[in-house]
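Chain by chain, the residues run as shown.
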Amino acid sequence: MSLKDSINTEHLPKHIAIIMDGNGRWAKEKGQDRLFGHLHGVESVRNIVEGCAELGIQYLTLYAFSTENWDRPANEVAGLMELLVETIRKEVPTLNKNNIRLHVIGDFDMLPETARKELTEAINETGLNTGLNLVMALSYSSRWELTKAIQYIAEDVKNGKLNTKDISQETLKNYLATKNFPDPELMIRTSGEHRISNFLLYQLALYLHHQYNRLWLIVVLSGKKNLYEAIIDFQNRERRFGKTSEQLIKQKEITGN
């Protein structure tokens, strides 16, 4: 039986988040320029997006460029932005062919004008697609996101649209960049490092606290095989939702689920 055939399609994570990291270091280890690694990463992303669409995953968020990445060497940043524009331009027909809808979260205004233009066109051209929702996190960080959310909340309180006594966790969630998406259930980091790097910290908090989401660590995301392995591992984890194993067994006996 193949890895793909081992996946229970009735128990898929609704939302997978991936930190696209380590491509530059991987290239340096092979004696290549860091941009060579990023080019290799584009092919990996293509395979992962295709794999998620084939399985029926509803949401895939890719952390492609953080707010901290602006501090990288100027030539690398410029090369990444050029690669972003070129890739978007080429991939829109494939996204439409596979019924994939593109979204972007992050500080959009920080991106170069050419990148903003290509992204806006791609978002509009894929807006009617009903399959996988591909969310690109560009110039994004959780600190940026939470700061903006608090600013928006303060503005609405000031204008009388919101009462401070009514502010709840759900209120904050509705002001986040991800307000239209469910929280991730599976996160993959491609550099093998044990950290989540200012990425969807609020959204991942509940899952990491109860340990029924999975942080899957690999060196380089090379294709669908890694995706299938991560999903199978996710499916083999007991999801307690704050309950004990005994409670879950009893619940299963009563409900049959």
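Report on the accompanying structure.

Overview of the side chain of Gln-203
Looking at where Gln-203 falls in the secondary structure, it is placed in helix α7 (residues 201-210). Judged by its relative accessible area of 2%, Gln-203 falls in the buried class. A polar contact is formed between the side chain of Gln-203 and the side chain of Thr-178, at a distance of 2.7 Å. Setting aside its immediate chain neighbours within four residues, Gln-203 contacts Tyr-140, Glu-145, Leu-176, Thr-178, Asp-183 and Pro-184.

A look at the side chain of Asn-133
Topologically, Asn-133 is positioned in strand β4 (residues 133-140). Among the polar contacts made by the side chain of Asn-133, one reaches the side chain of His-103 at a distance of 2.8 Å. Dropping the residues within four chain positions of it, Asn-133 is found in contact with Gln-58, Tyr-59, Leu-60, Arg-101 and His-103.

Some words on the environment of Tyr-202
Structurally, the position occupied by Tyr-202 is in helix α7. For Tyr-202, a relative accessible area of 28% gives the class partly exposed. A C-alpha to C-alpha distance of 9.8 Å links Tyr-202 and Arg-143, two positions 59 residues apart in sequence. Those residues in contact with Tyr-202 that sit more than four places away from it in its chain are Leu-146, Gln-169, Leu-172 and Leu-176. Within polar-contact distance, the side chain of Tyr-202 engages the backbone oxygen of Gln-169 at 3.5 Å.

Observations regarding the packing of aromatic side chains
Inspection of the entire model under this criterion finds six aromatic pairs. Ring plane angle 55° and centroid distance 5.9 Å describe the contact between Tyr-59 and Phe-181, whose orientation is recorded as tilted. Of the two residues, Tyr-59 sits in strand β2 (residues 59-66) while Phe-181 sits in the loop between α6 (169-173) and β5 (186-189), which places them 122 residues apart along the sequence. Here Tyr-59 and Phe-181 have matching classes, each one buried. Between the aromatic rings of Tyr-140 and Phe-199, the centroid separation amounts to 6.2 Å while the plane-to-plane angle is 90°, which identifies the pairing as edge-to-face. Pair noted here: Tyr-140 is in strand β4 and Phe-199 is in the loop between β5 and α7, with a separation of 59 residues, a long-range link. Among the aromatic residues, those joined into a cluster by ring pairs are Tyr-63, Tyr-140, Trp-144 and Phe-199.

Basis of the calculations
Residues numbered from 1 in each chain as written. Predicted model: local features only at pLDDT ≥ 70, side-chain atom pairs only at ≥ 80, totals over all residues. Heavy atoms only, no water. Helix = DSSP H or I, 4+ residues; strand = E, 2+ residues; numbered from the N terminus. Buried < 20%, exposed > 50% of the residue type's maximum accessible area, 1.4 Å probe, protein only. Polar contact = N/O pair within 3.5 Å; in protein donor to acceptor, adjacent residues only side chain to side chain. Contact = heavy atoms within 4.5 Å. Phe/Tyr/Trp six-rings, centres within 6.5 Å; stacked < 30°, edge-to-face > 60°.

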